[in-house]
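# Fold and geometry: a report
This is what each chain is made of:
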Amino acid sequence: MNSNVAGGLLGLPNEIALGLLITLLLLLGVIAVILYRARKQVDLLRNVNQDIVHKETRLSKLLFWYNTRLNKTMFFLFLGLVIFLFSVVGWYGRAQDLGTQIGYAPEQPIKFNHKLHAGQYNIQCQYCHIGVEKGKQAGIPSLNVCMNCHNAIQQGPQYGKTEIAKIYKAMDYDAEKREYGNNPNPVKWVRIHNLPDHVYFNHAQHVKAGKLQCANCHGAVNQMERVQQTATLEMGWCINCHREKQIDSKGNKYYAATYDFVEKHKAYTVAQMGGLECAKCHY
Amino acid sequence: MEKNTPKYWKGLDELNSEPSFVRAKQNEFAEKLPMGDVLNDDTLGLTTGRRDFLKLMGFSISAATLAACSKTPIKKIVPYVFKPVDYEPGIANYYATTCMGCQANCSLIVKTKEGRPIKVEGTDNSPINKGGACAVGQATILSLYDSGRLAAPQSARKATTWTKLDQEVQVKLNNISTSGGKIVLLTGSVNGPTSLKAINEFKAKYTSAQHIMYDAVSFSALIDAHKQVFGIDAIPGYQFSEAGAVVSVGADFLGTWLSPVEFTKDYTNARKVDEGQTTMLTHFQFESNLSLTGSNADYRAVVAPSQYGEVLISLHDKVAKLLGKPAVGNSTLELMGNSIGLAAKKLVENGGKGIVITSSNDINHQLLVVSINEMLGNYGKTLNLQNVSLQRRGNDAQVINLVKELMTGKVAAILIGADVNPVYTLAEGKNLADAISKAGLSVSFSEKLDETALACQYVAPTHNALESWGDAEPRRGFVSFIQPTITPIFNTRQWQESLLHWTGNNVNYHDYLQANTVTTLGLSNDMSSGNMRSWESLLEKGFVKTSSWIPNYFDKKIDGSNIVTTVISSISSIASAGNYAAMAGGKVKTKAAGSLEIILHEEVAIRDGQNSNNPWLQELPDPISKVSWDAVALVSPKWAAEQDLSNEDVIDITVNGKTISAPIILQPGQRDKTIALAFGYGRKLEEKAGKVANKVAGYNAYSLVNVEGGYFNYSLTGVTAKSAGKTYDLAFTQTHHNMEGRDLVRETTLAEMAMGNYGQPEEAEAGGAHVMSMYRDWRFPGHHWGMAVDLNACTGCNACVVSCSAENNVPVVGKDEVRLRREMHWMRIDRYFSVGDTKGEMHNKYKEIDQMEDDKTINYENVKVVYQPLMCQHCENAPCENVCPVNAINHSSEGLNQQVYNRCVGTKYCANNCPYKVRRFNWFAYYNNDKFDYHLNDELGKMVLNPDVTTRMRGVMEKCTFCVQRIQMGKLEAKKGNRTLKDGEVRTACQQTCPANAIVFGDMNDKKSEIYKLVNNKRNYSILTELNTRPGVHYLSKVRATEPIA
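Procedures and definitions
- Residue positions are given per chain, counted from 1 along the sequence in the order it is written.
- Labels follow written order: the first chain is A, the first ligand is 1, and so on.
- In view of the model being predicted, local features appear only for residues whose pLDDT reaches at least 70, and side-chain atom pairs are presented and counted only at 80 or more, with totals across whole chains, interfaces and linings using the full set of residues.
- Think of the side-chain values as coming from all heavy atoms in the structure, minus any hydrogens and water.
- A run of H or I in DSSP counts as a helix once it spans at least four residues, and a run of E counts as a strand once it spans at least two, with each numbered from the N terminus.
- Burial classes: relative accessible area under 20% of the type maximum marks a residue as buried, over 50% as exposed, and values in between as partly exposed (1.4 Å probe, protein chains only).
- The criterion used for residue contact is that any of the two residues' heavy atoms lie within 4.5 Å.
- Reported accessibility uses the Shrake-Rupley method at a 1.4 Å probe radius. Residues are deemed covered only where the shown protein chains occlude them.
- Nine residue types can take part in a nonpolar core, namely buried Ala, Val, Leu, Ile, Met, Phe, Trp, Tyr and Cys, and a core is a set of them joined through side-chain atoms within 4.5 Å.
- Known as pLDDT, the predictor's per-residue confidence is scaled from 0 to 100.
- Put simply, buried area is the surface a 1.4 Å probe can reach on two separate parts but cannot reach once they are joined, added for both.
- Whenever a carboxyl oxygen of Asp or Glu lies within 4 Å of a side-chain nitrogen of Lys or Arg, that contact is scored as a salt bridge.
- When DSSP finds two or more bridges between two strands, those strands count as paired.
- Note on geometry: axes are lines fitted to C-alpha atoms, helical ones only across the stretch in contact, with angles between N-to-C directions running from 0 to 180 degrees.
- Handedness of a crossover: with both strands directed away from the viewer, a clockwise path from the first strand across the helix to the second marks it as right-handed.
- Note on angle classes: values under 35 degrees are labelled roughly parallel, values over 145 roughly antiparallel, values of 65 to 115 roughly perpendicular, and the remainder oblique.
- Crossings are sorted by hand: turned counterclockwise from the far helix by less than a right angle, the near helix makes the crossing left-handed, and turned clockwise it makes it right-handed.
- Any pair of nitrogen or oxygen atoms within 3.5 Å is treated as a polar contact; in protein, a donor-acceptor pairing is required on top of that, and neighbouring residues in sequence qualify only through side-chain atoms on both sides.
- Exposure above 30% relative accessible area and no salt bridge define the residues that can form patches, which grow by joining like charges within 9 Å and nonpolar side chains of Val, Leu, Ile, Met, Phe, Trp and Tyr within 5 Å.
- Counting rule for charge: Lys and Arg are taken as positive, Asp and Glu as negative, and neither His nor the chain ends is counted.
- Charged groups are reduced to one reference atom each: NZ for lysine, CZ for arginine, CG for aspartic acid, CD for glutamic acid.
- For this scheme, ten residues count as nonpolar: Ala, Val, Leu, Ile, Met, Phe, Trp, Tyr, Cys and Pro. Four count as charged, namely Asp, Glu, Lys and Arg, and the remainder, Gly too, count as polar.
- Classification of ring pairs rests on two measures: the distance between centres of Phe, Tyr or Trp rings, Trp counted by its six-membered ring, which must be within 6.5 Å, and the angle between planes, read as stacked under 30 degrees, edge-to-face over 60 and tilted in between.

Along its length, chain A carries 12 helices and 5 strands. Considering chain A as a whole, with its 283 residues, one finds that 29% of them fall into the buried category. Considering only intrachain contacts with a sequence separation of at least 6, the fraction spanning at least 24 residues in chain A is 60%. Accessible surface computed for chain A: about 19,200 Å², of which carbon and sulfur atoms make up 61%.

Our next topic: the overall build of chain B. Counting its regular elements, chain B contains 35 helices and 42 strands. Across the 1046 residues that make up chain B, the buried fraction comes to 64%. Summarising the internal contacts of chain B: among those between residues at least 6 apart in sequence, 75% fall at separations of at least 24. Taken as a whole, chain B presents about 39,000 Å² of accessible surface, with 51% of it coming from carbon and sulfur.

Glancing now at the environment of Thr-950 of chain B. Relative to the elements of secondary structure, Thr-950 of chain B occurs in the loop between strand S37 (920-921) and strand S38 (957-958). Counting along the chain gives 140 residues from Thr-950 of chain B to Val-810 of chain B, while the straight-line C-alpha distance between them is 10.0 Å. The contact partners of Thr-950 of chain B, leaving out residues within four places of it in the chain, are His-198 and Tyr-283 of chain A together with Asn-809 and Tyr-901 of chain B.

In this section: the nonpolar core. Residues and elements named next belong to chain B. Membership of the largest hydrophobic core comes to 260 residues, with the highest contact counts inside it found for Tyr-238 and Phe-286. Leave out the neighbours within four places in its chain, and Phe-286 touches Val-247, Ser-248, Val-249, Gly-250, Ala-301, Val-303, Tyr-308, Val-311, Leu-335, Ser-339, Ile-340 and Ala-343. Ala-209, Met-213, Ala-413 and Leu-499 belong to the second largest nonpolar core, which has 25 residues in total.

The predicted model of chain A averages 85 in pLDDT, with 89% of residues at 70 or higher. Counted against residues more than four places away or in other chains, residues 1-9 of chain A, with its pLDDT under 50, gives 11 contacts.

Right, let's get into the interface of chain A and chain B. Between chain A and chain B, the contact holds 50 residues from the first and 44 residues from the second. Between chain A and chain B, roughly 4,200 Å² of surface is buried when both sides are summed, and carbon and sulfur atoms account for 60% of that area. Counting the contacts that link chain A with chain B gives 3 salt bridges. The partner of Asp-948 of chain B in a salt bridge is Lys-136 of chain A, with the nearest N and O atoms 2.9 Å apart.

All names here are of chain B. Ordered in space as S6-S5-S17-S16-S15-S7-S8, the 7 strands form an open sheet in which the pairing is mixed. Two strands lie at the open edges of the sheet, namely strand S6 (158-159) and strand S8 (209-213), each paired on one side alone. Here strand S16 (residues 441-444) pairs with strand S17 (residues 458-459) via 2 bridges, running parallel. Considered in S17, the bridge of Val-443 is made with Tyr-458. Packed onto the sheet, helix H15 (residues 396-407) meets strand S7 (182-187), S8 and strand S15 (411-416) and runs at close to 125 degrees relative to S8.

The next thing to look at is the pairing of strand S4 (residues 116-122) of chain B. Residues and elements named next belong to chain B. Among the 7 residues in S4, 7 count as buried, and that is most of the element. The pairing of strand S3 (residues 107-113) with S4 spans 6 bridges and is antiparallel. Within the sheet, the bridge partner assigned to Leu-108 lies in S4 and is Gly-122. Taken together, S3 and the strand that follows it, S4, pair antiparallel across an intervening segment of 2 residues, in which Glu-114 is found at a positive phi of about 50 degrees.

All names here are of chain B. Across chain B, the average pLDDT comes to 86, with 87% of residues at or above 70. Note that residues 763-769 has pLDDT below 50 and, in this model, 6 contacts with residues that lie over four places away or in other chains. For this predicted complex, the interface confidence comes out at an ipTM of 0.84, alongside a pTM of 0.87.

Let us look at the pairing of S8 of chain B. Residue and element names in this part refer to chain B. Across the 5 residues that make up S8, a large majority, 4, are buried. Here S7 pairs with S8 via 5 bridges, running parallel. Within S8, the residue paired with Leu-186 across the bridge is Ile-212. Traced from S7 through helix H8 (residues 193-205) to S8, the parallel crossover comes out right-handed.

Attention now goes to the sheet that holds strand S12 (residues 299-302) of chain B. Residue and element names in this part refer to chain B. Strand order across the open sheet formed by 4 strands is S12-S11-S10-S13, with parallel pairing between neighbours. Of all the strands in the sheet, the pair left with one neighbour each is S12 and strand S13 (354-358). If you compare each strand with its neighbour and ignore which way they point, the axes differ by 10 degrees on average. Note: strand S10 (residues 245-249) against strand S11 (residues 282-287), 5 bridges, orientation parallel. Bridge pairing links Ser-248 to Gln-285 in S11. Across the face of the sheet, helix H12 (residues 308-323) comes into contact with S10, S11 and S13 while running at roughly 150 degrees to S10.

All names here are of chain B. With 10 of 10 residues buried, helix H6 (residues 135-144) is to be regarded as a mostly interior element. For H6, the set of buried residues is Ala-135, Val-136, Gly-137, Gln-138, Ala-139, Thr-140, Ile-141, Leu-142, Ser-143 and Leu-144. At its buried positions, H6 is contacted by S3, S4, helix H24 (615-619), helix H28 (799-807) and helix H34 (989-993).

All names here are of chain B. Close contact between helix H9 (residues 220-230) and helix H14 (residues 363-375) brings their axes to 8 Å; oriented N to C, the two are set at 55 degrees. What the angle tells us is that H9 and H14 run oblique. The two elements H9 and H14 cross, and the hand of that crossing is right-handed. Taken together, the residues of H14 that come into contact with H9 (itself represented by Ala-221, Leu-222, Asp-224, Ala-225, His-226, Gln-228, Val-229 and Phe-230) are Ile-363, Gln-366, Leu-367 and Val-370.

Okay, the side chain of Thr-1029 of chain B next. All names here are of chain B. Along the chain, Thr-1029 falls in the loop between strand S40 (1020-1021) and strand S41 (1033-1036). Residue Thr-1029 is classed as buried on the basis of its relative accessible area of 1%. A polar contact of 2.7 Å, which involves the side chain of Thr-1029, links it to the side chain of Tyr-916. The residues touching Thr-1029, leaving out its near neighbours within four places in the chain, are Cys-875, Glu-876, Asn-877, Pro-879, Pro-915, Tyr-916 and Leu-1024.

Residue and element names in this part refer to chain A. The grouping of Arg-39, Arg-46, Arg-58 and Lys-61 at the surface amounts to a positive patch. Elements with a minimum of two residues in the positive patch: helix H1 (14-46) and helix H2 (58-67). Tracing the sequence through the fold places Arg-39 in helix H1.

The next thing to look at is the pattern of salt bridges. Residue and element names in this part refer to chain B. Counted according to the given criterion, the structure contains 43 salt bridges over all chains. In this structure, Arg-683 and Glu-451 form a salt bridge, with 3.0 Å as the shortest nitrogen-oxygen distance. Here the residue Arg-683 occupies a position in the loop between strand S26 (674-678) and strand S27 (706-708), and Glu-451 occupies one in helix H18 (residues 451-455), the gap between them amounting to 232 residues. Considered together, Arg-683 and Glu-451 belong to a single accessibility category, that of buried residues. The partner of Asp-938 in a salt bridge is Lys-691, with the nearest N and O atoms 3.3 Å apart. Remark: Lys-691 occurs in the loop between S26 and S27 and Asp-938 occurs in the loop between S37 and S38; sequence separation between them is 247 residues.

Before going further, it helps to spend a moment on the environment of Asn-194 of chain A. Tracing the chain through its elements places Asn-194 of chain A in the loop between strand S3 (189-190) and helix H8 (203-209). Judged by relative accessible area, which is 19%, Asn-194 of chain A ranks as buried. The sequence separation of Asn-194 of chain A and Leu-233 of chain A amounts to 39 residues, and the corresponding C-alpha distance is 8.1 Å. Here Asn-194 of chain A is in contact with Gln-101 and Leu-233 of chain A together with Lys-75 of chain B, once residues within four sequence places are set aside. A polar contact is formed between the side chain of Asn-194 of chain A and the side chain of Arg-191 of chain A, at a distance of 3.0 Å.

Take unusual backbone geometry next. Of note, Lys-211 of chain A is a non-glycine position whose phi angle comes to about 55 degrees, a positive value. If you trace the backbone, Lys-211 of chain A turns up in the loop between H8 and helix H9 (215-218).

For the rest of this paragraph, the subject is the packing of H8 of chain B against helix H19 (residues 495-502) of chain B. Two quantities define a packed helix pair, namely the angle between the axes and the distance from one axis to the other. Residues and elements named next belong to chain B. In contact at an axis separation of 9 Å, H8 and H19 are set at 25 degrees when each is read in the N-to-C sense. Here H8 lies roughly parallel to H19, going by the angle between them. Helix-helix and strand crossings are classified by hand; for H8 and H19 the assignment is left-handed. On H19, the residues that touch Ser-195, Ala-198, Ile-199, Glu-201, Phe-202 and Lys-205 of H8 are Trp-495, Gln-496, Leu-499, Leu-500 and Trp-502. The residue makeup of the contact of H8 with H19, split by class, is 7 nonpolar, 2 polar and 2 charged.

A few words now on the packing of aromatic side chains. Applying the stated rule across the entire model yields 38 aromatic pairs over all chains. Taking 5.5 Å as the distance between ring centres and 35 degrees as the angle between the ring planes, the aromatic pair formed by Tyr-259 of chain A and Phe-261 of chain A counts as tilted. Residues Tyr-259 of chain A and Phe-261 of chain A agree in their burial class; the two are buried. Measuring from ring centre to ring centre gives 5.3 Å for Phe-478 of chain B and Phe-543 of chain B, while their planes differ by 40 degrees; the resulting arrangement is tilted. You can see Phe-478 of chain B sitting in strand S19 (residues 478-482) and its partner Phe-543 of chain B sitting in strand S20 (residues 543-545), a full 65 residues away along the chain.

So this is what it looks like as structure tokens:
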């Protein structure tokens, strides 16, 4: 999980905290039952020779109370309420995440391995995603970018020739003769990070102007064989970062000329420059 | 002293407080919301039982649950296989090209996103349009995505292939040519050097071919007058920026005449006023109908169309008298306020810096105008005879002869250009269609099946201008290039290429154009980017000034130096101008016809009708009549009262044995006993091709055009008109969004300004309303965006409205919705009238509206007009923000009033509480609804949408955002470039296109900015300051060059 998301109990993520709580409660219940039964055994042993028939024990009082009809209903209602409350609390967290697609890792038409390329070979993200500092979209590389290397490298360590052959097929490239045909057919990648249509997001603003690392939002892509979504991409997630992240715009003449606090203060947030205003992203 | 300020009103129903108007103005929404239907007894009577209710509820909940379980749709990303080098997804590319929306040929910069053009802007340093673009130019982009365009060539109304068509046409042309049959190529005004070369090549191959140029609304007499006097077969280049006095007899040069954007730029430049300035361009207009130009004139007098000639004689002789030259007639006609005399005086005072023009297509009228300009010494100064205008080149005599020959079967083959539509624009109409279809060969190059293409045997559809290569030479010595901004959408081919193919030259037109340009301009073949005279650098810039361009003429002040002599020396027959005028003077009719008359005119949006299938233009309310979607007959209120007619009554108009019927609008400013009819309506295209144009009902005004003295004549006498006894519903917006007659527009005169009256009311100067406020003051730590609109510059041309719609994905709602006051335009131009007193003084006392009500003698002919563009005012204390229950409107630290669509639930409280009436409620899902079939609901039309702006869903409120997407983009570019944001870098869509430079936008925190200067200008005011809304939009009061208001 991203550390920017505010934590639940003890700073733990909501799900784990809730699980812990429930386990603890269950444990307590079990202990209570064991203790109760032990106490009963001790009582029985202690009173074995006494006349206990007419004596009102605590248990019988409790049983009588329980046996009156109204109280029976109340008891079950109470139990129901407790269970209901627990499930509300439990599911609230889940429901919030509905549709966020966290962990979404669809299979791609070409099994491109980011762990290999970005991790092992340490190729910079910007080498392929060239739009990231220029504009709105980081961009999926066109196949001629792949060919910068795969012109020469025709076999990979993991899938052998099969996946690389898919590039050649899409480009209508004959690897033997090293010739391009006239029938290219673009690859249809599955989009992983989806924002709603009413949100305007610009990569250049965050990467070039805001100097963020790709991993801040996309996670450790260099550890992923198949890329998955690691952030919720919810508005709350965006806003949190805009509120909390201390940004570094030192040396950028635009900020210095526009906001007088940029030079005066060491640290400030996007929010201080209006980063929480609606029309920054919605128009 | 009581201040004598004019009382303004928008329509006659407001002036007369008609019950319907009073009722309507009280509500923000025209129709009651159907709450009564929902809450009445029928629907609330509980016939549903408890069990049914539970069943239904259970079903709905489970259905909703199941529906919510659908899988998130899988979206695909499809990158290029080979990415073009200079293209990045999400980043706009810009191409320089030329506007073909009308013949003015303004230079354009087209913004393309992901390979599709989405917006046009004027090219900033083009000497023609100087960064401006008009409503028609802005709308051309939507015509590109018209799904009614022809998808393939046609032979006998059936789709065919180019190879087949080429073969058949070529065989027929050869046969006709060898047998000596006449071949005619009929086009609009072609001025591109390479297009003309292609035509010449065609004529060289087929020697019997003749090229005839034809303008639907002709300038032939103007051209011929200059041909007779100076031997120059063209229209002079008008230089309004240098003019001190302009007299126009009927010519709507700011709206439709010749080159409106060019003229508006120059005109408003010459009328710019700064503090302490004592002179500005003085503008006289004599006309029959209130034109856009007339509505901006300092002095305007109405005159019968049949009297134009007499006005010119009178003006000529008054000027001649002042200059001691011979008179040519015996008319001493004078109009209100001695305006002709005053015009003559001002012209002489501004000797050499005046312009006289007339729209009349009568050679005698034009010869008089030539003589007046010549007497005043305007030629060589404000009228340029070297860099002449080639924007209209049509020759009436040839066209009239062609029609005769066609009818008698003397033309064996006719090829008709895409920019002309003779079957529609010539009075012969249907007979001509028959003649064309019976010719040995008839080919149309039309993009779509228009009236003429339907009559032709072959249609060889040309590309849309935004898909074409080409060049245009709107002014001699200035060539503007046309380059494609998108790959052709359909299987079309440009007409020049077709012509060349039929000569056997199978060249690609791009190569042809490049080769010709390189040769004629002597370009280097070195295509490296450093070479500024390379072909590619020309394309990048979009235009070139050739050797015949007078270098400093347009850039520096004219001081009567050698520039003038070089121009004049080439003209031999200058002395004869007076002789021609004397001859003409004898022929001009000097008496007004007593009868009812008709003046045919072009409207600002629809013009000659070539673009009438464009929904943006149809929905645009006409600046004068405020009617959208329909053809109307404009009549004077006095005549209507006499005939007992009112708005929307239909009349039958008969002239020369032809009858048309049209609903009327009572138009202040219209000459009594004159009916104004507009061109461009009554289209009959093929069903699919005319899905918008055909829907618009109306007459075809071209059917009334007759020929007089060898020229097409657009004013008719001997008219009878009577009520047709029925009414027709019109969509007119003139009184929509009413602001209850508050003091919103302000004006002063140049003379009064010198005395310290800047059009400000006294209380505003004291700043009374600003002292106390319930709200905390806003702080604007970074930027503080603001806008200033100069009412003195604004001509009301409506270009900004279309530009705004294109930039911000504003939907087209159609006539029925406009009638319900549901037009979605984010900005509108309010048009206010005020009227002089009963004596007909042009400039004098004003009366209270309620006093005028009883005064039956008011002369509505003498109205004055003020335009006021109105968009969201971005108030600091915005009334809309406080009433929103879901906080969907709030204020930004940059001074923007932000409307959040995804938060809006559509209560409409904000619209109700907005004193400026600038909020628009989205009633339908316009983009996905068959009912709104205005290009934007189909796959192709949607390509015009701006991907950086949301298309709003049904049920939300929307409004002007100050083009926040451009602000954000501008800031980002500055951040990326590690530099400060320059003033003028962020321009709103309305500002950028404005042909009058009336709108200025910028950062009010920047003390060096243009906006800061204007906000602190003495003419600056905001509207409704008494409400303490503190608008971010400022206005500068209008200044007239008239004498002070007494």
